[in-house]
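So you can see what is in the structure, the chains are spelled out below.
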Amino acid sequence: MTAGLRDALDAGRFAVTAELGPPRGADPDALARKTELLRGWVDAVNVTDNQGARVRMSSLGAAVLVQRSGLAPVMQLTCRDRNRMALQSDLLAAGALGIPHVLLLTGDHPKLGDHPEAKPVFDLDGVQLTWLARTLRDGTLMSGDPLTVAPRWLIGTVENPFAPPLAHRADRLAKKVAAGAEFVQTQYVFDVPVFARWLARLRDLGVTERCAVLPGVGPIRSSRMLEFLRTAVPGVHVPSEVDARFRGVPADRVGETGLRLCAETIRELAELPGVAGVHVMAFGFEHGVPEILDRAGIAPHVTTLEGSADAR
């Protein structure tokens, strides 16, 4: 029995996380239906925080629902909608509710979402929020006042190995690790050689000894998705050889090609020293995650949480 990502990393096992977007509504069973598709295959599931600056159920509430379903949540928290007081309150609530992992990031600007007129907060940035989380876990508020009980979650961050300037991306993650990050999930990896060079720099800096690296992977499901990733998602790099692999493939075979590529990428990444696992991003295709992992040679395992309905 495992309590999620922390236990997988402590055991030295190749860890797997997946991403779930909370529903755009108040259906408490929506996440349970998705987590059931992933049960036994992943160590934890990310619960996003109004991803794309579009309103959804809060990440804290959704994380509690995921935990009730028997899987370990990774609660995302952004700086976009909260000042330092609200960020501390939500982090403390997550600790009190037993959320085992938090993932801290700056967040997308509201102008990119469904309320472009909303006022952004950005009182802190992602690095400062990471430092704040470590300060709370050490038993102190940002004000310096002591906490009665400190939270115990594992602290995560994000990084994009492909965003320019490439030479500084490893140094940027090193700053986040110095601030308190213990695991990192990256943007989609389609160019393994470029990722490997970034990873080598992390090893040189000693980052991989202090922070678990989980590269992001995901299946390309259609030609339209390929074009969107190539042209509309900042920091996603699709190399020419990957693009060429899909050109000329019949529309009804693109999905199969994407599954095969994703599984191959996972196998390649697993061979790189310093890679602790993978983060699978398959939005709306959660039912395909087990097949991807099976093709990559990753066997299912028990992921039930202590105290969940399945554990009783």
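Right, let's walk through the structure included here. Starting from 1, residues in each chain are numbered consecutively following that chain's sequence as written. Local features in a predicted model are, by the rule used here, given only for residues with pLDDT of at least 70; side-chain atom pairs are given and counted only at 80 or more, and totals for whole chains, interfaces and linings are based on all residues. The basis for the side-chain values is all heavy atoms of the structure; hydrogens and waters are excluded.

## Here we look at helix α2 (residues 30-38)
In plain terms, the rule: When accessible area is computed with a 1.4 Å probe and restricted to protein chains, residues below 20% of their type maximum are described as buried, those above 50% as exposed, and intermediate ones as partly exposed. Secondary structure is summarised from DSSP: a helix means a run of H or I of at least four residues, a strand means a run of E of at least two, and numbering begins at the N terminus for each. Directions drawn from the helix axis to the C-beta atoms are what define this arc. Two residues qualify as a contact provided that any one of their heavy atoms is within 4.5 Å of a heavy atom in the partner residue.
Within α2, the full set of buried residues consists of Ala-30, Leu-31, Thr-35 and Leu-38. An end-on view of α2 places all buried positions within 120° of arc, on one side of the element. Next to the buried residues of α2 lie β1 (15-20), β2 (44-47), α3 (59-68) and α11 (289-295). Where α2 ends, the next residue or the one after it, Gly-40, has phi of about 90°, a positive value.

## What to know about the packing of aromatic side chains
The relation between two aromatic rings is expressed through the spacing of the ring centres and the mutual angle of the planes. As a reminder of what qualifies: In this analysis, rings of Phe, Tyr and Trp, with Trp reduced to its six-membered ring, are considered paired at centre separations within 6.5 Å, and the interplanar angle assigns stacked below 30 degrees, edge-to-face beyond 60, and tilted for intermediate values.
Under the definition given, this model contains two aromatic pairs. Judged by centre distance (5.4 Å) and plane angle (45°), the rings of Phe-195 and Trp-198 are tilted. Remark: Trp-198 and Phe-195 occur in helix α7 (residues 192-205); sequence separation between them is three residues, near one turn of the helix. Residue Phe-195 is classed as buried on the basis of its relative accessible area of 0%. For Trp-198, a relative accessible area of 5% puts it in the buried group.

## Topic: the pairing of strand β5 (residues 154-159)
Basically, it comes down to this: Between any two strands, pairing holds if DSSP finds at least two bridges. A crossover gets the label right-handed when its path from the first strand over the helix to the second runs clockwise, viewed with the strands pointing away from the viewer.
Within β5, five of the six residues are buried, which leaves the element mostly enclosed by the surrounding structure. One ladder, built from three bridges, connects strand β4 (residues 101-105) with β5; its direction is parallel. Residue pairing for β5: His-101 is matched across the bridge by Leu-154. In this region the chain leaves β4, passes through helix α5 (residues 126-137) and returns to the parallel neighbour β5; the handedness of that crossover is right-handed. Relative to strand β6 (residues 183-188), β5 runs parallel, the two sharing four bridges. Note on β6: the bridge partner recorded for Val-158 is Gln-185. Once you follow β5 into helix α6 (residues 169-179) and on to β6, the crossover reads as right-handed.

## Considering the pattern of salt bridges
Going by this rule: Any carboxyl oxygen of Asp or Glu within 4 Å of a side-chain nitrogen of Lys or Arg constitutes a salt bridge here.
A full pass over the atoms with the stated rule returns 22 salt bridges. Here Arg-84 and Asp-123 are joined by a salt bridge, their closest N and O atoms 2.8 Å apart. In this pair, Arg-84 is assigned in helix α4 (residues 84-96) and Asp-123 in the loop between β4 and α5, connecting sequence segments 39 residues apart. Among the residues examined, Arg-84 registers a relative accessible area of 34% and is labelled partly exposed. Residue Asp-123 is classed as partly exposed on the basis of its relative accessible area of 28%. Across the pair Glu-256 and Arg-260 runs a salt bridge whose closest N-O atoms are separated by 3.1 Å. Of this pair, Glu-256 and Arg-260 are both found in helix α10 (residues 254-270), four residues apart, which corresponds to roughly one turn of the helix. Here Arg-260 falls in the partly exposed class, since its relative accessible area comes to 34%. Here the residues in one salt-bridge network are Glu-159, Arg-169, Arg-172 and Lys-176, joined through shared partners.

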